[in-house]
Amino acid sequence: MRVVIKDSSADCSSWTAGYIAYRIKKAAPTAKKPFVLGLPTGSTPLGVYKELIKLYQNKKVSFEHVVTFNMDEYVGLPPEDKNSYHYFMQENFFKYVNIHPKNIHILNGMTKDYAAECENYERAIQAYGGIDLLLGGVGTDGHIAFNEPFSSLSSRTRIKTLAPSTIKDNSRFFNNDISQVPTQALTIGIGTIMDAKEVIIMALGANKAEAIRQGIEGCVNHLWPITALQQHRYGIIVCDKEAASGLSKNTVGYFKSIESPAS
């Protein structure tokens, strides 16, 4: 596992966006062989999207041959709902870059057949040869996508009932009205995440410190889904110093020395 610890959330966003752009350019994607990018929603990736938009505007990266798969979507929210993840992605990223609409994939929370929707999503990912790089965030309880504590570490895309803590956390996007937050979501599974060729998990703020401590220093277990990343061949955690505050000094010193070796 690679751990990148930065001083601020802005530094984390800049580093992550730069890394994504670097991977896209290095792959030199084409229409026949696009770069497949997994994407999250929420407050954590907003800075990354802003930086990617800047890179695109400055002609540092193109999304013409990039295919995206979002990690999740609420059940029961139509795409035009301002709290849907379809709406979030359009307003915060897609409409500002040159990605083709046909290359955007987001789970349909209005489907009448959840099982078929989830199975088709898995097939679509596989049809592109898998996800090249998946960007995600982590919840205070260690959940990734909507894979909350006690989710199977081999889970696939499915419908998931949300824990009260997640509903409470996400109420900030619903005018702090818990009653307005959907209680279910469609989400890719931990197994789906682990199938990605490369995974970046971001964590910002002191409220993510315990999740990061468990994810890096804890044992792999389904109580803390983020710990699955320890078994990924190319897993990266990007966090600010507040999110890293629960780590031991030796752990922080080790990873900082790896990223900034003495000359």
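If you're wondering where the values come from, they're calculated on a predicted model, not measured in any experiment.

## Some points on the pairing of strand β3 (residues 66-70)
Counted residue by residue, β3 has 5 buried out of 5 residues, so it is predominantly covered. Covered by surrounding structure in β3 are Val66, Thr68 and Asn70 together with Val67 and Phe69, the residues of both alternating faces. With 5 bridges connecting them, strand β2 (residues 35-39) and β3 associate as parallel partners. When the bridges of β3 are listed, Leu39 appears paired with Asn70. Crossover handedness for the path β2 to helix α2 (residues 46-57) to β3: right-handed.

## Observations regarding helix α3 (residues 85-92)
Because an α-helix packs 3.6 residues into every turn, residues spaced three or four apart end up facing the same way. The set of residues buried in α3 consists of Tyr85, His86, Phe88 and Met89. In an axial view of α3, the angular spread of the buried residues amounts to 165 degrees, which keeps them on one side of the axis. Buried positions along α3 lie against β2, α2, β3, β4 (72-74) and α5 (164-170).

## A word on the environment of Glu210
Position of Glu210 relative to the elements: it lies in helix α7 (residues 209-217). Judged by relative accessible area, Glu210 falls into the partly exposed class, the value being 34%. Distance from Glu210 to Val66, taken between C-alpha atoms, is 34 Å for residues 144 residues apart in sequence.

## Looking at the pattern of salt bridges
Under the definition given, this model contains 10 salt bridges. Measuring nitrogen to oxygen at the nearest pair gives 3.9 Å for the salt bridge that ties Glu119 to Arg123. Placement of both Glu119 and Arg123 in helix α4 (residues 114-127) is noted, with a separation of 4 residues, approximately one turn of the helix. For Glu119, a relative accessible area of 43% corresponds to the partly exposed category. Asp132 serves as the salt-bridge partner of Lys197, at 3.5 Å between the closest nitrogen and oxygen. Of this pair, Lys197 sits in the loop between α6 (190-195) and β9 (199-203) while Asp132 sits in the loop between α4 and β6 (133-137), and the two are 65 residues apart along the sequence. Among the charged side chains, a network of salt bridges with common partners joins Glu122, Arg156 and Asp195.

## Considering the packing of aromatic side chains
Under the criterion given, the structure shown has 12 aromatic pairs. Seen from their ring centres, Tyr74 and Tyr85 are 4.9 Å apart, and the 40 degrees between their planes marks the pair as tilted. Taken together, the positions of Tyr74 in strand β4 and Tyr85 in helix α3 put the pair 11 residues apart, joining distant regions of the chain. The pair Tyr74 / Tyr85 is uniform in exposure class, with both members buried. Between Tyr74 and Phe174 the ring centres are 5.7 Å apart and the planes differ by 80 degrees, which places this aromatic pair in the edge-to-face class. Linking Tyr74 in strand β4 with Phe174 in the loop between α5 and β8 (184-187), this pair joins segments that are 100 residues apart in sequence. Both residues of the pair, Tyr74 and Phe174, belong to the buried class. A connected cluster of aromatic rings, assembled from ring pairs, spans Tyr49, Phe63, Phe93 and Phe94.

## Overview of unusual backbone geometry
With a phi close to 55 degrees, Ala145 is a non-glycine residue in the positive phi region. One can find Ala145 in the loop between β6 and β7 (158-161). At Asn176, a residue that is not glycine, the phi angle is positive and equals roughly 60 degrees. Secondary-structure assignment places Asn176 in the loop between α5 and β8.

## Points about the environment of Ser14
By secondary structure assignment, the location of Ser14 is in helix α1 (residues 9-27). Residue classification places Ser14 among the partly exposed positions, given a relative accessible area of 39%. Each C-alpha atom of the pair Ser14 and Phe146 lies 25 Å from the other, and the pair is 132 residues apart in sequence.

Calculation rules
- In every chain, residue numbers begin from 1 and rise along the written sequence.
- Whole-chain, interface and lining totals are the exception, using all residues; otherwise, since this is a predicted model, local features are given only for residues with pLDDT of at least 70 and side-chain atom pairs are given and counted only at 80 or more.
- Side-chain metrics in this entry use all non-hydrogen atoms of the structure; hydrogen atoms and water are not considered.
- Between buried and exposed lies partly exposed: a residue is buried under 20% and exposed over 50% of the maximum accessible area for its type, with that area taken using a 1.4 Å probe on protein chains only.
- In DSSP terms, a helix is any run of H or I states spanning at least four residues, a strand is any run of E spanning at least two, and both are numbered starting from the N terminus.
- At least two bridges found by DSSP between two strands is the condition for calling them paired.
- A crossover gets the label right-handed when its path from the first strand over the helix to the second runs clockwise, viewed with the strands pointing away from the viewer.
- The reported arc concerns the directions from the helix axis to the C-beta atoms and nothing else.
- Residue contacts follow a heavy-atom distance rule, with two residues in contact if any of their heavy atoms lie within 4.5 Å.
- Salt bridges are defined as contacts in which a side-chain nitrogen from Lys or Arg sits within 4 Å of a carboxyl oxygen from Asp or Glu.
- Whether two aromatic rings pair depends on their centres lying within 6.5 Å, for rings of Phe, Tyr and Trp, where Trp uses its six-membered ring; planes under 30 degrees apart make the pair stacked, over 60 edge-to-face, and the rest tilted.

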